[in-house]
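Topology and contacts: notes
Below, each chain spelled out in residue letters.
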Amino acid sequence: MHLSRGESHNMSLRMFFRIVVTTYLLSGVLLLRAQGNSPIVVASNAIEGPSGFSDGLCSLTEAILNANDTTSGMSSNGHDCTPANPDGNDAIQLSDTVSLRHTFQQRNGNNALPIITSDITILGEGHWITGNQSDFRIFYVTETGRLRLEDVTVSGGVANSSDDLGDRGGAVINFGVTEIVDSLLTGNISQQTSNQLNFGVTAEGACSNRLPQVVSFQTNSANPPSSLNCPWEFQYANAAVISGGAAIYNYEGTVRISGTTISANNADTSGGGILNDGGQLSITDSRFIGNIVSDPESFDGGGAIYNFATGTVTIVQSYFAGNVAKNGGAILSVFGGILDIADS
């Protein structure tokens, strides 16, 4: 077959562009594969905190230190773990319960784990992260941090410091982006140091396990009873005394929650489950059960959620029951707060 000069030139151009595009696509595949690092696996029985450095077992503390390192992916104290991706976007996988017993880092109070400054996903695999129910919160997410929790229970964190914001967010204090998927937040505490906790106070209806498909508000009360109790075996709650946000305190950040349960939370004045302070809070297919603001004289309220200071709360296909507060049995949105409830 004879080709003219013009036809031959066009065919050469088509072949050239085909080679360039193919090479570009292959490079993209290679790049994506290079970025898709395997998760850092936390070892069973690893000792958390400095006492576990260089013991041969990768701890959650060391894994987060490596993930935060955007220079080499290997911090000076993280040699028990595999290197992280220096470009961020790391995954950390649990293989057993993580027991936290000491403060690791101080900022706005005591924190059990290194402060989250990069993009980190924790794959819980159904395991727990537990604190000592004494003197530190679990997670602190900075403005540059992005934390994603998947299939994990976070329990036993305490925010009770006299530092600025030290009594906010027993499980998570968020200034950046936090996503919580298919998880449970329970048994976390936020309190001022001068107050005592009552772990037996839970709201009637807190034992419900129903998983509805639409937003539902049932048996929420605007008048806190003098005494409350629940017949189930779990008898301590998230508790916030004077302050708020026993499970989550979100300060001008973004929190997204889906498929998650936040239940049996107790606050003295505002937002026993979540305190959204000028941030963006999105809730989908989740459950808020048996949360209470227990002070009958409190001006604030929001048994499950307290939203204020131009904060925005969006709720889709979720369930609220047994929540109690003087103002807003389930939710109180004030001082410029925006509340959007869909499919209710």
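Right above here is the structure, for reference.
Figured I'd write up the structure that's included with this text. (Residues numbered from 1 in each chain as written. Predicted model: local features only at pLDDT ≥ 70, side-chain atom pairs only at ≥ 80, totals over all residues. Heavy atoms only, no water.)

Regarding the overall build of the protein chain
Helix and strand content of the protein chain: two helices and 30 strands. When the 344 residues of the protein chain are sorted by exposure, 52% land in the buried category. In the protein chain, the share of contacts with a sequence separation of at least 24, taken over all contacts with a separation of at least 6, comes to 79%. Summing over all exposed atoms, the protein chain offers an accessible surface of approximately 15,200 Å²; the carbon and sulfur share of this is 51%. (Helix = DSSP H or I, 4+ residues; strand = E, 2+ residues; numbered from the N terminus. Buried < 20%, exposed > 50% of the residue type's maximum accessible area, 1.4 Å probe, protein only. Contact = heavy atoms within 4.5 Å. Areas by Shrake-Rupley, 256 points an atom, 1.4 Å probe, with all protein chains shown as cover.)

A word on the sheet that holds strand S6 (residues 119-123)
Taken in spatial order, the nine strands make up an open sheet running S1-S2-S6-S9-S13-S19-S23-S27-S30, and their pairing is parallel. The open sheet has two edge strands, strand S1 (40-41) and strand S30 (338-342), and neither has a second partner. (Pairing = 2+ DSSP bridges.)

A closer look at the state of the cysteines
Here the structure, examined in full by the defined rule, presents one disulfide. Between the sulfur atoms of Cys-58 and its disulfide mate Cys-81 the distance is 1.9 Å. Around the S-S axis, the bridge from Cys-58 to Cys-81 shows a dihedral of about 95 degrees and counts as right-handed. Here the residue Cys-58 occupies a position in the loop between S1 and helix H2 (60-68), and Cys-81 occupies one in the loop between H2 and strand S2 (90-93), the gap between them amounting to 23 residues. Taking the relative accessible area as the measure of exposure, Cys-81 reaches 5% and is therefore buried. (Disulfide = S-S within 2.5 Å.)

Description of the nonpolar core
Within the largest apolar cluster, 47 residues are counted, with the highest numbers of intra-cluster contacts made by Leu-60, Ile-122, Ile-129, Phe-139, Ile-248, Ile-257 and Ile-305. Of all elements in the fold, only H2, S6, strand S8 (139-141), strand S9 (146-150), strand S19 (254-258), strand S23 (280-284) and strand S27 (312-316) reach the threshold of two or more residues within this core. Per element, the largest residue contribution to this core is four residues, and it comes from H2. Membership of the second largest hydrophobic core comes to ten residues, among which are Ile-115, Ile-173, Tyr-249 and Phe-308. (Core = buried A, V, L, I, M, F, W, Y, C linked by side-chain atoms within 4.5 Å.)

Brief notes about the pattern of salt bridges
According to the stated counting rule, one finds five salt bridges in the structure shown. One network of salt bridges, in which partners are shared, links Arg-146, Arg-148, Glu-150, Glu-179 and Arg-256. (Salt bridge = Lys/Arg side-chain N within 4 Å of Asp/Glu carboxyl O.)

A short note on the sheet that holds S8
Overall, parallel pairing links the six strands, which are arranged S8-S12-S18-S22-S26-S29 in an open sheet. Of all strands in the sheet, those bounded by a partner on one side alone are S8 and strand S29 (331-333). Strand-to-strand, the axes of this sheet are offset by a mean angle of 5 degrees, without reference to chain direction. Here four bridges tie strand S22 (residues 274-277) to strand S26 (residues 305-308), and the two strands are oriented parallel to one another. (Axes fitted to C-alpha atoms, helices over the stretch in contact; angles between N-to-C directions.)

Here we look at the pairing of S27
Inspection of the sheet shows S23 paired to S27 by five bridges, in the parallel sense. Directly across from Gln-280, in S27, lies its bridge partner Thr-312. Note: S27 against S30, five bridges, orientation parallel. The residue of S30 that forms the bridge with Val-316 is Ala-342.

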